Amino acid sequence: MSLAAAAIVLSVGTVTQFAPIGYEAFKYGPNTFHVVTADLRATTLSAATVHSPSLTSPWNLLNLLHVPEAKPIAAITGTFFAPSSQKPVADVLIDGNLVAQGSRGTAVGVDWFGGVKIFDKPYLEPVDWALYQYGLRGAVRVLTAGAVQPNPKAQRFHDSRLWGRAARAGLATTKNGKVLLFATKAKVTLSELGKAMKARGAIDGVSLDGGSSTCLYYKGSMIVPPGRKLSNLFVITQATTPP
């Protein structure tokens, strides 16, 4: 088989083994999931968070990214916010500074070397963010070391809508340094989201703010547009000049 033919065989949607980032839509059971896969081992890619002090459109949030010589290439809904105050209910870390605080839920951190880690802290125990440049907390753990075992009640979440059926946004990591951004308009459970993540090779994963907040952006398009204004996003950036 020629290399050209092999590349065609290995392609799934727009994702190939040669691309550091790509998007695909896939079916898991009866539901369609949208996923952006980013290989952060590529020196052209990095991750960050963006935040607005008041609710705004995701397009405005993307314009708030201040990373020299980089542009947003993909983004997913971030952590939960309180509509009344328009403030996040959990930590949001921007360039080493906490712009919002709240000690609940699983955390996603981007360290100073660009690695992304999903980790847990007990309820009301603060995160020591010194090792991280960007991050957010308040996520609901759905996949742990390859096991699908969501338990939002144990994480002290009380809103029953979290463990019902809803549109979902989520983030997952693989053992080889890839970050996967998931979104679905279908009304799925946390377990169904975790199983879809596992099916794409993830070993750890979280559910982020979903429902009408569900948003997935990729290369200039809102693949899944939100039905409301948002407070924060997790963003994948791409260098605009060679490293």
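Source: prediction; values computed, not measured.

## Things to note about the pattern of salt bridges
Per the stated rule, a full pass over the model turns up 7 salt bridges. One salt bridge connects R200 with E24, and the closest N-O pair in it is separated by 2.9 Å. Of this pair, R200 sits in the loop between α3 (190-199) and β15 (204-207) while E24 sits in strand β1 (residues 21-28), and the two are 176 residues apart along the sequence. Residue class for R200 comes out partly exposed when judged on its relative accessible area of 30%. A relative accessible area of 7% means that E24 is categorised as buried.

## Quick word on the sheet that holds strand β16 (residues 216-218)
Across the sheet, which stays open at both edges, the 5 strands sit in the order β3-β18-β4-β16-β17 with antiparallel pairing between neighbours. At either margin of the open sheet sits one strand with a lone partner, and together these are β3 (45-56) and β17 (221-224). The sheet shows a mean angle of 35° between the axes of neighbouring strands, direction not considered. Strand direction decides the pairing type here: strand β4 (residues 70-77) and β16, joined by 3 bridges, are antiparallel. The residue bridging A74 from the neighbouring strand is Y218, located in β16.

## Structural notes on the packing of aromatic side chains
Using the criterion set out here, one finds 8 aromatic pairs in the structure. Note on W59 and Y217: the rings are 5.7 Å apart at their centroids and 85° apart in plane angle, and the pair reads as edge-to-face. Taken together, the residues span a long stretch of sequence, with W59 in helix α2 (residues 58-63) and Y217 in strand β16 at a distance of 158 residues. Here W59 falls in the partly exposed class, since its relative accessible area comes to 41%. By the ring-pair criterion, three or more aromatic residues cluster together here, those being F26, F33 and F182. The ring of F157 carries R104 above its face, with NZ or CZ at 5.9 Å from the centroid. Positioned over the ring face of F26 is R200, at 4.3 Å from the centre of the ring.

## A few points about the nonpolar core
Core analysis: the largest hydrophobic core is formed by 44 residues, its most contacted members being I21, L171, L181, F234 and I236. Apart from the residues within four sequence positions on either side, L171 is in contact with V108, I118, V179, L180, L181, M197, D204, G205, V206, L208 and F234. Membership of the second largest hydrophobic core comes to 18 residues, among which are F26, V142, V188 and L193.

## Overview of the confidence of the model for the protein
Put simply, the protein has an average pLDDT of 92, and 92% of its residues get 70 or more. Residue range residues 1-17 is modelled with pLDDT below 50. Its contacts to residues more than four positions away, or to other chains, number 16 contacts.

## A word on unusual backbone geometry
Peptide bonds are, in most cases, trans, and in most cases residues other than glycine have a negative phi. Backbone geometry places E69, a non-glycine residue, at a positive phi of 55°. Mapped onto the fold, E69 is located in the loop between α2 and β4. In this model, L124 sits at a positive phi of 75°, which is unusual for a non-glycine residue. Positionally, L124 belongs in the loop between β10 (116-119) and β11 (132-144).

Conventions and cut-offs
Residues numbered from 1 in each chain as written. Predicted model: local features only at pLDDT ≥ 70, side-chain atom pairs only at ≥ 80, totals over all residues. Heavy atoms only, no water. Salt bridge = Lys/Arg side-chain N within 4 Å of Asp/Glu carboxyl O. Helix = DSSP H or I, 4+ residues; strand = E, 2+ residues; numbered from the N terminus. Buried < 20%, exposed > 50% of the residue type's maximum accessible area, 1.4 Å probe, protein only. Pairing = 2+ DSSP bridges. Axes fitted to C-alpha atoms, helices over the stretch in contact; angles between N-to-C directions. Phe/Tyr/Trp six-rings, centres within 6.5 Å; stacked < 30°, edge-to-face > 60°. Lys NZ or Arg CZ within 6 Å of the ring centre and 35° of its normal. Core = buried A, V, L, I, M, F, W, Y, C linked by side-chain atoms within 4.5 Å. Contact = heavy atoms within 4.5 Å. pLDDT = per-residue confidence, 0-100.

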